[in-house]
Amino acid sequence: PRYRQNGTREQEVGGGTAFFVSGDGLLMTNRHVVADDDATYTAFLNDGRKLQATVAARDPSNDIALLRVEGSGFPFLRLEEGDDLHLGQSVIAIGNALAEFRNTVSVGVISGLSRSIVAGARSGEVEELNRIIQTDAAINEGNSGGPLLNLEGKVVGMNTAVASNAMNIGFALPAADLRRALESYRRHGRIVRPYVGVRYVPITDELRERLDLPYEHGVLVSDGDAPGEVAVLPNSPATKTNLQDDDVILAIDGQELTADLPLSAAIQRKMPGDTVTLTIARGGQEIEVRVTLEELPQDAG
């Protein structure tokens, strides 16, 4: 049989949450919510308006994105300036639960800090997230990109992921990450992130025993599993400072690299152009090298 196509039509294929961070139409959400370059995005406002939204920026190394809608005078949320969160602190999550129940509000507490998880999206994208907030406030599909608020109504995090096959275990990116992304966009017109340019594996008890390493912390610079995944990326800051395969990076600016402070998290506290001091173990000796961080290429994320 032959079929004739009589035009095309748009179809809703998903939904998430975003929140205004300025009155001129700038919204923040998760990168995985707006990952499809071929899709069009619509913002549904509390007052019933539907506004066309465009992707203003995507973070190359974190699950953060910015959207923009036309207009001005929008009420917006403020990001908490401090990072003084504590276990048991009451929080409120707001979002488009299940992409169906808009403005769903759930209440809970901060049940964990500085968690590290590997999160996956329906698109197949997998991402490691470090130093994130755990909460028992109910978070469902569609809540991604929504604010996690303290009792003063300030944003302390952005709802990002849930633990599958678990009850009341959700995760949010901390306000510090959101502030850096927003500051970067306002300064550069895009979200820029620094990088060193090495592949590495954390030092664990198993790795230390297998390779007979004398170090209980740090990361081992090492090739990836796939062909072509070299330990030191060409034309990177690491290449320019002669970092090498099998180097053990023990500390950055005097801070030991541990499970609570992985190298990626320590680097993301910096900005491109910053110079850091890495403590390296090489050939049985400890040396210090200074590395000037550069901007992570936009296609690296």
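Structure shown above.
Note that the structure is predicted; figures quoted are calculated from it, not measured.

## Details of the nonpolar core
- Met28 and Leu178 are the most contacted members of the largest nonpolar core, which totals 22 residues.
- Looking at this core, the elements with two or more residues in it are β2 (26-29), β8 (126-135), β10 (155-162), β11 (170-174) and α1 (175-188).
- The biggest single contributor to this core is α1, with four residues.
- Apart from residues no more than four positions distant in its own chain, Met28 is found in contact with Thr17, Ala18, Phe19, Val21, Ile64, Ala65, Leu66, Gly145, Met158, Leu178 and Leu182.

## Observations concerning the environment of Val196
- With respect to the helices and strands, Val196 occurs in the loop between β12 (194-195) and β13 (200-202).
- Residues Val196 and Leu263 lie 67 residues apart in sequence; the distance between their C-alpha atoms is 9.6 Å.
- Excluding anything up to four places from it in sequence, Val196 contacts Ser236, Pro237, Ala238, Leu243, Ile267 and Leu293.

## Let's talk about the sheet that holds strand β3 (residues 41-44)
- In spatial order, the strands read β1-β2-β5-β4-β3; together these five strands make up an open sheet with antiparallel pairing. Strands at the two margins of the open sheet, each flanked by one partner only, are β1 (19-20) and β3.
- The pairing of β1 with β2 spans two bridges and is antiparallel. Within β2, the residue paired with Phe19 across the bridge is Met28.
- Helix-sheet contacts for α1 involve β2, β4 (50-58) and β5 (65-69), and the interaxial angle to β2 is about 140 degrees.

Analysis parameters
Residue indices follow the written sequence of each chain, beginning from 1 at its first position. Local features in this predicted model are restricted to residues whose pLDDT is 70 or higher, and side-chain atom pairs enter the listing and the counts only when it is 80 or higher, whereas totals over whole chains, interfaces and linings include all residues. The basis for the side-chain values is all heavy atoms of the structure; hydrogens and waters are excluded. For the purposes of this section, nonpolar cores are sets of buried Ala, Val, Leu, Ile, Met, Phe, Trp, Tyr and Cys residues that join through side-chain atoms within 4.5 Å. With a 1.4 Å probe rolled over the protein chains alone, any residue whose accessible area is under 20% of its type maximum counts as buried; one over 50% counts as exposed, and the rest are partly exposed. The numbering of helices and of strands both runs from the N terminus, where a helix is a DSSP run of H or I of at least 4 residues and a strand a run of E of at least 2. In this analysis, two residues are considered to be in contact whenever any of their non-hydrogen atoms come within 4.5 Å of each other. Paired strands, as defined in this entry, are two strands with at least two bridges between them according to DSSP. To obtain each axis, a line is fitted to C-alpha atoms, and for helices this fit is confined to the stretch in contact; angles are then taken between N-to-C directions over 0 to 180 degrees.

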